[in-house]
Amino acid sequence: EADIYQTPRYLVIGTGKKITLECSQTMGHDKMYWYQQDPGMELHLIHYSYGVNSTEKGDLSSESTVSRIRTEHFPLTLESARPSHTSQYLCASSEWAGPLNEKLFFGSGTQLSVL
Amino acid sequence: GESVGLHLPTLSVQEGDNSIINCAYSNSASDYFIWYKQESGKGPQFIIDIRSNMDKRQGQRVTVLLNKTVKHLSLQIAATQPGDSAVYFCAEKVEGQGGSEKLVFGKGTKLTVNP
């Protein structure tokens, strides 16, 4: 079983608030990812990291930022939440094992609702 | 452009039957594909992967078939059980900006197993 944790599990906040979604993994994985997923829809990559001090933007335009100060921790921050940010946010990690072998382990997600 | 899609958004089968979930991809250069299962309220879970130098790979009760000629991927589940009810996503590894690699997920097929 994967050891990757996301908090909070559910979050309801008002427009304009600053929020940070937490993600931690205890597997020592170098690569970490944030995906956004609307109900029943595909996952969209918003940020990823190859390791400490590495952060990259994904495909989906996002007003969020990430940081990677420690291997195990990859928080996602929204400076000013808007209703359009309402979605599920999934964190994942993977251990590099070659270009044709990349198994992602996902957390349970944070369901964000912005009123 | 790159895209990964599924032919059917929903699939309903009887317990004990075999299930086949299909996926079409557009990037002929993709060399690695993965199937994920996502149960309600949880993050996606790795099922099985396949490299482009293979056309078939078997796991426990699951088989993935890859047809590179028509860019088609399928997941076969033998003797489907109620616990197999979930949304199934295929994912394709593509090269992103700056030579980075990323997974692109399809839209998902919701499998319902009827007792």
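Above this note sits the structure.
Residues numbered from 1 in each chain as written. Chains lettered and ligands numbered in written order. Predicted model: local features only at pLDDT ≥ 70, side-chain atom pairs only at ≥ 80, totals over all residues. Heavy atoms only, no water.

Caption draft 1: Inspection of the overall build of chain A at higher detail. Across its full length, chain A holds 0 helices and 11 strands. Going from N to C terminus, chain A has its helices and strands arranged as β-β-β-β-β-β-β-β-β-β-β. Here the C-alpha radius of gyration of chain A, 14 Å, is about what a compact globule of 115 residues would show, namely 13 Å. Principal-axis analysis of the C-alpha atoms gives chain A an extent of 40 × 30 × 25 Å. Considering chain A as a whole, with its 115 residues, one finds that 46% of them fall into the buried category. Considering only contacts within chain A whose residues lie at least 6 apart along the sequence, 53% involve residues at least 24 apart. Here chain A displays about 5,500 Å² of accessible surface, and carbon together with sulfur accounts for 52% of that area. (Helix = DSSP H or I, 4+ residues; strand = E, 2+ residues; numbered from the N terminus. Rg over C-alpha atoms; globule rule 2.2 N^0.38 Å. Buried < 20%, exposed > 50% of the residue type's maximum accessible area, 1.4 Å probe, protein only. Contact = heavy atoms within 4.5 Å. Areas by Shrake-Rupley, 256 points an atom, 1.4 Å probe, with all protein chains shown as cover.)

Caption draft 2: How the structure looks around the packing of aromatic side chains. Overall, the coordinates contain 9 aromatic pairs over all chains when judged by the stated rule. Plain terms: the ring middles of Tyr35(A) and Phe106(A) are 5.8 Å apart, the flat faces sit at 50 degrees to each other, and that makes the pair tilted. Pair noted here: Tyr35(A) is in strand S4 (residues 31–37) and Phe106(A) is in strand S10 (residues 104–106), with a separation of 71 residues, a long-range link. On the basis of relative accessible area, Tyr35(A) is assigned to the buried category, the value being 0%. An aromatic cluster of three or more residues is present, and its members are Tyr33(A), Tyr35(A), Phe106(A), Tyr36(B), Phe46(B) and Phe105(B). Of note, Arg9(A) hangs over the ring of Tyr10(A), and the distance from its end group to the ring centre comes to 5.1 Å. The residue whose ring lies beneath Lys103(A) is Phe46(B), and the NZ or CZ to ring-centre distance is 4.5 Å. (Phe/Tyr/Trp six-rings, centres within 6.5 Å; stacked < 30°, edge-to-face > 60°. Lys NZ or Arg CZ within 6 Å of the ring centre and 35° of its normal.)

Caption draft 3: Examining the interface of chain B and chain A more closely. Across the boundary between the two partners, chain B contributes 22 residues, which contact 26 residues of chain A. The contact between chain B and chain A buries some 2,000 Å² in all, and 50% of this surface belongs to carbon and sulfur atoms. Our count for the chain B to chain A interface comes out at 1 salt bridge. Of the charged contacts, one joins Lys107(B) and Glu42(A) as a salt bridge, the two residues approaching to 3.5 Å between their closest N and O atoms. Put simply, the parts of the chain that give the side of chain B that touches chain A at least two residues each are strand S4 (32–38), strand S5 (45–51), strand S9 (86–95) and strand S10 (101–105) of chain B. Of the residues in the side of chain B that touches chain A, the class split is 8 nonpolar, 6 polar and 8 charged. (Buried area = accessible area lost by both parts, 1.4 Å probe. Salt bridge = Lys/Arg side-chain N within 4 Å of Asp/Glu carboxyl O. Nonpolar A, V, L, I, M, F, W, Y, C, P; charged D, E, K, R; others polar.)

Caption draft 4: Structural context of the state of the cysteines. Residue and element names in this part refer to chain A. Summed over all chains, the structure comprises 2 disulfides over all chains. Two residues share a disulfide in this structure: Cys23 and Cys91, whose sulfurs sit 1.9 Å from each other. Across the S-S bond of Cys23 and Cys91 the torsion is about -75 degrees, and the bridge reads as left-handed. With Cys23 in strand S3 (residues 19–25) and Cys91 in strand S9 (residues 87–94), this residue pair connects regions lying 68 residues apart in the sequence. A residue is classified by how much of its surface remains accessible, and Cys23, at 0% relative accessible area, is buried. (Disulfide = S-S within 2.5 Å.)

Caption draft 5: Focus on the sheet that holds strand S7 (residues 64–66) of chain A. All names here are of chain A. If you trace the 4 strands from one edge of the open sheet to the other, you get S1-S3-S8-S7, paired in antiparallel fashion. A strand with exactly one partner marks an edge of an open sheet, and here the two such strands are strand S1 (4–7) and S7. For this sheet the average axis-to-axis angle between neighbouring strands, irrespective of direction, equals 15 degrees. Bridging between S7 and strand S8 (residues 76–78) involves 3 bridges; their strand directions are antiparallel. The residue bridging Val66 from the neighbouring strand is Leu76, located in S8. (Pairing = 2+ DSSP bridges. Axes fitted to C-alpha atoms, helices over the stretch in contact; angles between N-to-C directions.)

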